[in-house]
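Residues per chain, in single letters:
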Amino acid sequence: MKILNCPLNGPRNISEFTYGGELHEMPDPDSSGAREWAEYVFFDENKAGVVTEWWCHTATSFWFLAERNTVTDEVMRTFLASERFSEANRIEPSA
Amino acid sequence: MSSQPESLLRRSQLTQWHIAHDAVFESHADRSVVAAYANETVDGPGLCDLSLLPRTGLKGRGAPDFLASLVSDLPQEPNNARVTKDGTIVARLSNEEFLILGSLSFDSQVVADIEAAINSAGEKAAYPLPRADSHCLFALVGAAAADAMAKLCAVDLRARKFPPGAIAQTSIARVSGVVISHEFGSRSGFFILCDTASTEYLWRSIIDAIDEYGGGAIGLQSISTTD
């Protein structure tokens, strides 16, 4: 079985993971139009090569990012989402 | 007061299984727990239903600091557990998530104290993650426990790779669960938790797995006497 390395839990069988789609840069919700927003929500680039994807370790509901070559299916590395999302992007609960 | 499950408020989902296997019950406050089975002769790994053991959890950015104000010596790294002086098990499931299991004596106030503190502290400190009704809890004890678990779980749970205090959050018999390595007195073993909806399935799966090693169900007395 394929093994994927979860940044929190370590190497696990691929059956413990759920694919979450490509990582997309979110357009500015205030200035983007309907088309741009629909592309962000619904469309993938489907690039042949190295892409960055969301993966979830199902047993812990832990989401992280992976760089994967879609041609060779080789996973270059997996890493915490905090590496790409700064503290400033964190959504704070309303007071 | 009778310790029979019918006369107490809290009983395990596996009560009918326990009764069918001649369980002898004992009461801990309003909980009916299997003390032993009438013909309990287990040579191999023993599986004990601890689903009524008090437990709770908390999560959130403030969880480590909040819990540190109540419990000393928290595990510093995710997927590690520590046992406090009174036998409470504090398991760190991620940087911001903790699971707390009460001591096996069932008389610890720590879990109730933590729950009360969370509820009175407000949302900002941490949010409660109750585990008593969401998850079942088993203990699997005995030298061959890791060998038996190898039939159900892909993570290497042998002691040299998975020492006491180690945690694996993984798939057990195709069900998501948590395995915590723990020393029950002089015997090694595991706490095993999974979603409460899979309680009966996982219990029967582990019973089936340990049967090959001469194992079977054991009551709380067998766990306690290993101390």
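Residues numbered from 1 in each chain as written. Chains lettered and ligands numbered in written order. Predicted model: local features only at pLDDT ≥ 70, side-chain atom pairs only at ≥ 80, totals over all residues. Heavy atoms only, no water.

A. Representation of empty space enclosed by the protein. Residues and elements named next belong to chain B. Applying the stated rule across the entire model yields 1 cavity of 30 Å³ or more. In this structure, the largest cavity spans a volume of roughly 40 Å³. Around the largest cavity, the lining residues are S12, H18, S32, V33, V34, D49, S51 and L52. The biggest single contributor to the lining of the largest cavity is strand β3 (residues 31-37), with 3 residues. Residues of the lining of the largest cavity, tallied by class, amount to 3 nonpolar, 4 polar and 1 charged. (1 Å grid on protein atoms, 1.4 Å probe; cavity = no way out; pocket = protein on both sides within 12 Å on 5 of 7 lines; lining within 4 Å. Points joined across faces, edges and corners; volume = space filled by probe spheres on them. Helix = DSSP H or I, 4+ residues; strand = E, 2+ residues; numbered from the N terminus. Nonpolar A, V, L, I, M, F, W, Y, C, P; charged D, E, K, R; others polar.)

B. Structural view of the pattern of salt bridges. Inspection of the entire model under this criterion finds 15 salt bridges over all chains. Close ionic contact of K2 of chain A with D73 of chain A constitutes a salt bridge, the shortest N to O distance being 2.5 Å. Of this pair, K2 of chain A sits in the segment before β1 (3-6) while D73 of chain A sits in the loop between β5 (62-69) and β6 (74-79), placing them 71 residues apart in sequence. Using a relative accessible area of 33% as the deciding quantity, one classes D73 of chain A as partly exposed. Between R10 of chain B and D30 of chain B there is a salt bridge, with its nearest N and O atoms 3.5 Å apart. Linking R10 of chain B in strand β1 (residues 10-11) with D30 of chain B in the loop between β2 (23-28) and β3, this pair joins segments that are 20 residues apart in sequence. According to the relative accessible area criterion, R10 of chain B is partly exposed, its value standing at 32%. Residue classification places D30 of chain B among the partly exposed positions, given a relative accessible area of 26%. Salt bridges sharing partners connect three or more residues here, namely K2, E53, R68 and D73 of chain A. (Salt bridge = Lys/Arg side-chain N within 4 Å of Asp/Glu carboxyl O. Buried < 20%, exposed > 50% of the residue type's maximum accessible area, 1.4 Å probe, protein only.)

Purely geometric stuff here, so don't read any function into it on its own.
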